[in-house]
Amino acid sequence: MRRHAGRIRLLPVVLRLASHAPRNRADAWEQYWRTVPAGEVLWDGSPKAEGAQYEELVRRHLDPGLPVLDVGCGNGTWTRWLAERFPEAVGIDQSASAVEQAAREASGVPNAAFGVLDALDDGAGGALRERVGEANVFVRGVFHVLRPGARRTLAANLREAVGSRGRVLLTETNFRGSGLAYLEHLGATARHIPGPLRKAIETLPQPGHFGPRELRRAFPASDWTLLEETEVVIGTVPLAEPGVPGVPAEIPGYCAVLAAR
Ligand SMILES: C[S@@+](CC[C@H](N)C(=O)[O-])C[C@H]1O[C@@H](n2cnc3c(N)ncnc32)[C@H](O)[C@@H]1O
């Protein structure tokens, strides 16, 4: 009962914050990356801890001799992680500000490179293929922010990028409760919303979730072989309450590895 009342009080706070977000998704992402303060990127948890969950999947399924594309790379945290495991890692993002930040943060990493590209564009798959040849593709936290039609478009473009030897490894948040329950899970109350979460609410489109059912819709069995799927935990940056040092939140996640047919 008390939780229900708290959720009802949270709703208008969230609606007011979200009313500032740009309607156009590309504009929203660009504004986010242009203005987010250092250390406040909500999903920028610890690649060391979270990455340990992907290590075995990478070893089992991805050819370590191929380059890797980090599609929707944001500030490039995971492109740098990938550059330690593959001969060449290329991060692409539709946001020029994200790519600028990613390139700056990877300036000492000789085998990492970045480019601006809308992965939903007609021809994006061909452009990626032309840039690095057949490649593995890593995607973290992109499918769950896309609408169903866009998810299918992205999967179709990735099919061209991986060719016959590359694999897609995707990892997405998959919180199955309501939008408000999700925000509460990340520490939001009517009285306080942690800074990194507030920034996301007031700038970005509302995220969805992505699990086995969503995967099968976006990656039809006629075009893809599902090699492995598993539950994972996606980490955030520390999320502080007033007067209390922040701790990272753990978000239920879903990870899958696919090959193109
Ligand atoms: C939640 S962030 C995840 C960033 C990064 N993958 C990570 O895990 O740290 C989603 C990213 O996808 C990018 N993105 C969204 N739609 C895209 C599109 N159509 N083409 C390329 N990038 C896109 C956004 O700009 C943003 O950087």
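Nothing here was measured: the structure is a model prediction, and the numbers come from that model.

Topic: the site of the ligand
So, point 1. Taken together, 16 residues sit near the ligand, with Gly 72, Asp 93, Asp 118, Ala 119 and Arg 140 positioned nearest.
So, point 2. Gly 72 places a polar main-chain atom, nitrogen or oxygen, 2.7 Å from a nitrogen atom of the ligand.
So, point 3. Contact between the ligand and Asp 118: a nitrogen atom at 2.8 Å from a side-chain N or O atom of the residue.
So, point 4. Out of a free accessible area of 590 Å², the ligand has 97% covered by protein chains.
So, point 5. When its residues are assigned to classes, the shell around the ligand shows 9 nonpolar, 4 polar and 3 charged.

Examining the pattern of salt bridges
So, point 1. Under the definition given, this model contains 13 salt bridges.
So, point 2. In this structure, the salt-bridge partner of Glu 228 is Arg 60, at a minimum N-O distance of 2.7 Å. With Glu 228 in strand β6 (residues 224-241) and Arg 60 in helix α3 (residues 47-61), this residue pair connects regions lying 168 residues apart in the sequence.

Things to note about the packing of aromatic side chains
Think of a pair of aromatic rings as described by two things: how far the centres are apart, and how the planes are tilted against each other in angle.
So, point 1. Counted according to the given criterion, the structure contains 15 aromatic pairs.
So, point 2. Ring geometry for Trp 33 versus Trp 43: centroids 6.0 Å apart, planes at 80 degrees, classification edge-to-face. In this pair, Trp 33 is assigned in helix α2 (residues 25-35) and Trp 43 in the loop between α2 and α3, connecting sequence segments 10 residues apart.
So, point 3. Given a relative accessible area of 4%, Trp 33 falls into the buried group.
So, point 4. Judged by its relative accessible area of 25%, Trp 43 is partly exposed.
So, point 5. The structure contains a cluster of three or more aromatic residues connected by ring pairs, namely Trp 29, Tyr 32, Trp 33 and Trp 43.

Comments concerning the UniProt feature "domain: Methyltransferase" (unreviewed entry) in the chain
So, point 1. Here, the residues flagged by UniProt with the feature "domain: Methyltransferase" (unreviewed entry) are residues 68-159.
So, point 2. Each end of residues 68-159 is marked by a C-alpha atom, and these two atoms are 14 Å apart; helix forms 41% of the span and strand 21%.

Let's talk about α3
So, point 1. Look at α3: 20 Å from first C-alpha to last across 15 residues, which is about the 21 Å you get at 1.5 Å a residue.
So, point 2. Along its length, α3 shows its largest kink, about 45 degrees, at Gln 53.
So, point 3. When α3 is considered as a whole, its buried residues turn out to be Glu 50, Gly 51, Tyr 54, Leu 57, Val 58 and His 61.
So, point 4. For α3, the elements touching its buried residues are α4 (77-83), β4 (136-140), β5 (168-173), β6 and β7 (244-260).

Examining the environment of Asp 27
So, point 1. Considering the arrangement of structural elements, one finds Asp 27 in helix α2.
So, point 2. Given the relative accessible area of 46%, Asp 27 is considered partly exposed.
So, point 3. Measuring from C-alpha to C-alpha, the distance between Asp 27 and Glu 172 comes to 22 Å, with 145 residues separating the pair along the chain.

Brief notes about the pairing of β7
So, point 1. Bridge analysis of β5 against β7 gives 6 bridges, and the strand direction is antiparallel. Residue Glu 172 lies in a different strand from β7, and its bridge partner there is Tyr 254.
So, point 2. Where β6 and β7 come together, 14 bridges link them in antiparallel fashion. Among the inter-strand pairings, Thr 225 is bridged to a residue of β7, identified as Ala 259.
So, point 3. Count of turn residues in the β6/β7 antiparallel hairpin: 2 residues, of which Gly 243 carries a positive phi of about 75 degrees.

Section: the sheet that holds β6
Whenever strands of a sheet pair, they do so through backbone hydrogen bonds, lying parallel or antiparallel.
So, point 1. Read across the open sheet, the 7 strands follow the order β3-β2-β1-β4-β5-β7-β6; overall the sheet is mixed. Of all the strands in the sheet, the pair left with one neighbour each is β3 (112-116) and β6. Strand-to-strand twist across the sheet, computed as the mean angle between neighbouring axes with direction ignored, equals 20 degrees.
So, point 2. Across 3 bridges, strand β1 (residues 68-71) lies against β4 in parallel orientation. What sits directly across from Asp 70, in β4, is Phe 138.
So, point 3. Sitting on the sheet, helix α5 (residues 96-105) touches β2 (89-93) and β3, and the angle it makes with β3 is about 165 degrees.

A look at the side chain of Thr 203
So, point 1. Locating Thr 203 in the fold gives a position in helix α9 (residues 195-203).
So, point 2. Among the polar contacts listed, one links the side chain of Thr 203 to the backbone oxygen of Lys 199, at a separation of 2.6 Å.
So, point 3. Leaving out residues up to four positions away in the same chain, Thr 203 has contacts with Ala 21, Pro 22, Ala 28, Gln 31 and Tyr 32.

Re the environment of Ala 124
So, point 1. By secondary structure assignment, the location of Ala 124 is in helix α6 (residues 124-132).
So, point 2. With relative accessibility at 1%, the residue Ala 124 sits in the buried group.
So, point 3. For the pair Ala 124 and Ala 156, spaced 32 residues apart in sequence, the C-alpha to C-alpha distance is 9.8 Å.
So, point 4. Once residues lying within four places of it in the same chain are set aside, the contact partners of Ala 124 are Leu 117, Asp 118, Ala 119 and Asn 157.

Conventions we followed
Residues numbered from 1 in each chain as written. Predicted model: local features only at pLDDT ≥ 70, side-chain atom pairs only at ≥ 80, totals over all residues. Heavy atoms only, no water. Near = heavy atom within 4 Å. Polar contact = N/O pair within 3.5 Å; in protein donor to acceptor, adjacent residues only side chain to side chain. Areas by Shrake-Rupley, 256 points an atom, 1.4 Å probe, with all protein chains shown as cover. Nonpolar A, V, L, I, M, F, W, Y, C, P; charged D, E, K, R; others polar. Salt bridge = Lys/Arg side-chain N within 4 Å of Asp/Glu carboxyl O. Helix = DSSP H or I, 4+ residues; strand = E, 2+ residues; numbered from the N terminus. Phe/Tyr/Trp six-rings, centres within 6.5 Å; stacked < 30°, edge-to-face > 60°. Buried < 20%, exposed > 50% of the residue type's maximum accessible area, 1.4 Å probe, protein only. UniProt positions renumbered as here; feature names shortened; annotations may be inferred. Expected span 1.5 Å × (residues − 1). Bend = angle between axes of the 7 residues up to and from the residue. Contact = heavy atoms within 4.5 Å. Pairing = 2+ DSSP bridges. Axes fitted to C-alpha atoms, helices over the stretch in contact; angles between N-to-C directions.

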